[in-house]
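Here are the chains, one letter per residue:
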Amino acid sequence: MGELAKIIPSIMEIDPDNLGGRVFEGTIAFQEGNLVRAGELFERVVAEGVEDSAVCYMQGIVRARQGDRRGALALFEQAVALEREYPLYWFRLAETRYRLGEDPSEALRRARELSPDDAWTLNLAGQILLDEGRLSEAAEVLARAARNAPAEAEIAVNYAEALFRRGEEREAVAMLEKRSDGHALNPLGNFYTRLNESEKALRAYERAYAAAPDDPVICENLAAACIESDLVQRAEELLGRLVDWSPSASVLNRVGNLARIEGDFVRAEAAYRESFAYLALPEYDRELSKEDLGRLERDDELNTLVTEIEYNLADLYVLWSRYDKAEIIGRRMQKHARSGRAGALAQRVRAATQVYLACATCGREWWAPKRVDVPERLLLEGEPPEDSPAGKCVRCGKIYCVGCAKEHLSGNRFICPDCNEYLKLNDDHLKYLVLKTVEISPRERS
């Protein structure tokens, strides 16, 4: 192979249309990890009608690495059609269908028939069982995969996840604690986070970062753990590196969270708002298009991240007393957020801007703005509606609605059923609520 690789360039110089030489040259580039060059060569070979299962497979890998899973799927299907007894092709076909959200069962069944002990095929089967909530079956299959490929971090992590979700949290943690590779230690930190053991999570992320300092996901998780543990300087260092090296909406969300903790609201706002550009979404104060809402409907992970950023920005505006902006964000969240965040935000804004009042007897509720402008005295005309406040007891401070208070009258005046004291509208918020429901004397309108 080595000697042939040396003479291929000469062959191609003499005969640039030599398909066999082009296939060989592409194979060498593929093996050396030069996927761009391999893809260029294989693309021309496939376009010229060469039917070679290995070429289709390798070009499928190239397309998948480039993010074109749909194109990779067609190539893996072609590879399988050309060589139906090769398990690796069936595995890639099943995996690609799974990643695209299509049914991988038939291809996976065939891959397992042809190579029942292949660790990666078992790993894929275990992932599918996990997705289906069949935790015991998933753990059994993934245990076999892990035994067959003990060095593979991804398989170990999936097996640990099956154990964790099955309720065997400590067994899952112990399995990953034994490993030294960053891509197993990072999920270990996630496990500790899910167990609310923040100090252990921080140590696991530090170990993961030491093992894989160039992994942006590990770096971001460590920064989040530092924020949780009030290690502000360390978090600043990590996030600063990420902003320069691997910026993303998630990273900017973390930057905003840290800036808010530090009391730098201007920097926090800028970070949250900038994150929308990384997500290819409009600013917080603009409507989401049908296309935007469609993306959020299809992508749970994206929807969760967008909801979190929107909530964090709105919460910042509440702290900043910019309630109108928080309300704008809340209305946008209502159109896509699947969690209770939109409702929680509405309650947060209401609690910050309004006063809650309730009838002591029936529990009827009212909300009034904290700042109201009402006349000093009210002269009411006609009978007030039953859902209007009747007044507050001057002794015990209880409030009653008209519907309940009319059962307790002294002359024509409402009295408290507990204290027998008169109910009075001597509270500006009660006056505001009454003004919303009844007519007042023209003398009081000026």
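This text follows the structure it describes.
Residues numbered from 1 in each chain as written. Predicted model: local features only at pLDDT ≥ 70, side-chain atom pairs only at ≥ 80, totals over all residues. Heavy atoms only, no water.

*Asks:* An account of the overall build of the protein chain is requested, with residue identities and associated values reported.
*Replies:* Of the regular secondary structure elements, the protein chain holds 23 helices and seven strands. Counting every position in the protein chain, which comprises 446 residues, the buried fraction comes to 45%. A separation of at least 24 residues holds for 50% of the contacts in the protein chain among residues at least 6 apart in sequence. Of the accessible surface of the protein chain, which amounts to about 23600 Å², a share of 47% is contributed by carbon and sulfur atoms. (Helix = DSSP H or I, 4+ residues; strand = E, 2+ residues; numbered from the N terminus. Buried < 20%, exposed > 50% of the residue type's maximum accessible area, 1.4 Å probe, protein only. Contact = heavy atoms within 4.5 Å. Areas by Shrake-Rupley, 256 points an atom, 1.4 Å probe, with all protein chains shown as cover.)

*Asks:* Requested: an account of the sheet that holds strand 4 (residues 399–401), with residues and values cited.
*Replies:* Read from one edge of the open sheet, three strands run 4-3-7, paired in antiparallel fashion. Edge positions in the sheet fall to strand 4 and strand 7 (423–424), since each has one partner strand and no second. Here helix 23 (residues 428–435) sits on the sheet and contacts strand 3 (389–393), strand 4 and strand 7; the angle it forms with strand 3, its principal contact strand, is near 165 degrees. (Pairing = 2+ DSSP bridges. Axes fitted to C-alpha atoms, helices over the stretch in contact; angles between N-to-C directions.)

*Asks:* Tell me about the packing of helix 4 (residues 53–65) against helix 6 (residues 87–99), residues and numbers included.
*Replies:* Running from N to C, helix 4 and helix 6 cross one another at 35 degrees; their axes reach a closest spacing of 11 Å. Crossing geometry of helix 4 relative to helix 6 is assigned as left-handed. Contact with helix 4, carried on its side by Ser53, Ala54, Tyr57 and Ile61, involves Leu88, Tyr89 and Arg92 of helix 6 and no other residues of that element. Among the residues making up the contact of helix 4 with helix 6, the classes are represented as five nonpolar, one polar and one charged. (Left-handed = near helix turned anticlockwise from the far one by under 90°. Nonpolar A, V, L, I, M, F, W, Y, C, P; charged D, E, K, R; others polar.)

*Asks:* Tell me about the side chain of arginine 179, residues and numbers included.
*Replies:* Looking at where arginine 179 falls in the secondary structure, it is placed in the loop between helix 11 (169–177) and helix 12 (182–194). Within the local environment of arginine 179, its side chain forms a polar contact with the side chain of aspartate 181, the two groups lying 3.2 Å apart. Setting aside residues no more than four positions away along its own chain, arginine 179 makes contact with Pro150, Ala151, Glu152, Ala153, Ala156, Ala184, Leu185 and Arg207. (Polar contact = N/O pair within 3.5 Å; in protein donor to acceptor, adjacent residues only side chain to side chain.)

*Asks:* Requested: an account of the pattern of salt bridges, with residues and values cited.
*Replies:* Summed over the entire model, instances satisfying the criterion amount to 36 salt bridges. The salt bridge partner of arginine 338 is aspartate 300, with a shortest N-O separation of 2.3 Å. Residue arginine 338 is found in the loop between helix 20 (323–333) and helix 21 (341–353), and its partner aspartate 300 is found in helix 19 (residues 300–319); the two are separated by 38 residues along the sequence. Judged by its relative accessible area of 43%, arginine 338 is partly exposed. For aspartate 418, the salt bridge is made with lysine 398, and the minimal N-O distance between the two is 2.7 Å. Note that aspartate 418 is positioned in the loop between strand 6 (413–414) and strand 7 and lysine 398 in the loop between strand 3 and strand 4, a separation of 20 residues in sequence. Shared partners join several salt bridges into a network, and the residues in it are Glu85, Glu106, Arg109, Arg110 and Glu113. (Salt bridge = Lys/Arg side-chain N within 4 Å of Asp/Glu carboxyl O.)

*Asks:* Break down helix 8 (residues 119–131) for me, citing the residues and quoting the values.
*Replies:* Between the first and last C-alpha of helix 8 there are 18 Å, a value that for 13 residues agrees with the 18 Å anticipated at 1.5 Å per step. The buried count for helix 8 comes to eleven of 13 residues, which makes it a mostly enclosed element. Near the N-terminus of helix 8, the side chain that reaches the backbone nitrogen of tryptophan 120, with its oxygen 3.4 Å away, is that of aspartate 118. (Expected span 1.5 Å × (residues − 1).)

*Asks:* Could you give an account of the packing of aromatic side chains, with specific residues and numbers?
*Replies:* What characterises a pair of aromatic rings is the spacing of the ring centres plus the angle enclosed by the ring planes. Counting across every chain of the model gives eight aromatic pairs. Ring geometry for tyrosine 57 against phenylalanine 76: centres 5.8 Å apart, planes inclined by 45 degrees, an arrangement best described as tilted. Here the residue tyrosine 57 occupies a position in helix 4, and phenylalanine 76 occupies one in helix 5 (residues 69–82), the gap between them amounting to 19 residues. A single burial state applies to tyrosine 57 and to phenylalanine 76, both of which are buried. Clustering of aromatic rings is evident, with ring pairs tying together Tyr57, Phe76, Tyr86 and Tyr89. Positioned above the aromatic ring of tyrosine 311 is the side chain of arginine 341, whose terminal nitrogen or guanidinium carbon lies 4.6 Å from the ring centre. (Phe/Tyr/Trp six-rings, centres within 6.5 Å; stacked < 30°, edge-to-face > 60°. Lys NZ or Arg CZ within 6 Å of the ring centre and 35° of its normal.)

*Asks:* So what about the pairing of strand 2 (residues 365–369)? Which residues, and what values?
*Replies:* Every regular strand shows the same layout, with side chains that alternate between the two sheet faces. The side-chain alternation of strand 2 yields one buried face, formed by Trp366 and Ala368, and one unburied face, formed by Glu365, Trp367 and Pro369. Two elements, strand 1 (residues 354–358) and strand 2, share five bridges in a ladder whose sense is antiparallel. Each bridged residue has a counterpart across the sheet, and for tyrosine 356 the counterpart in strand 2 is tryptophan 367. Following strand 1, the chain reverses through six residues before pairing antiparallel with strand 2; glycine 363 in that reversal takes a positive phi of roughly 80 degrees.

*Asks:* Any details on the packing of helix 15 (residues 232–245) against helix 16 (residues 249–261)? Residues and values, ideally.
*Replies:* For the pair helix 15 and helix 16, interaxial distance at closest approach is 10 Å and the crossing angle is 150 degrees. On the basis of the axis angle, helix 15 is roughly antiparallel to helix 16. Helix 15 and helix 16 meet at a crossing whose hand is left-handed. On helix 16, the residues touching Val232, Ala235, Glu236, Leu239, Leu242 and Val243 of helix 15 are Val251, Arg254, Val255 and Leu258. Tallied by class, the residues present in the contact of helix 15 with helix 16 amount to eight nonpolar, no polar and two charged. (Parallel < 35°, antiparallel > 145°, perpendicular 65-115°, else oblique.)

*Asks:* Requested: an account of the state of the cysteines, with residues and values cited.
*Replies:* All chains considered together, the criterion is met by zero disulfides. Between cysteine 396, a free cysteine, and cysteine 393, which holds the nearest cysteine sulfur, the sulfur-to-sulfur gap is 3.6 Å. The class for cysteine 396 is partly exposed, based on a relative accessible area of 34%. Between cysteine 404, a free cysteine, and cysteine 401, which holds the nearest cysteine sulfur, the sulfur-to-sulfur gap is 3.6 Å. (Disulfide = S-S within 2.5 Å.)

*Asks:* Residues and numbers for the environment of arginine 110, please.
*Replies:* Here arginine 110 is to be found in helix 7 (residues 105–114). Between the C-alpha atoms of arginine 110 and arginine 84, which are 26 residues apart in sequence, the distance is 9.4 Å. Beyond its immediate stretch of four places on either side in the chain, arginine 110 contacts Arg84, Glu85 and Trp90.

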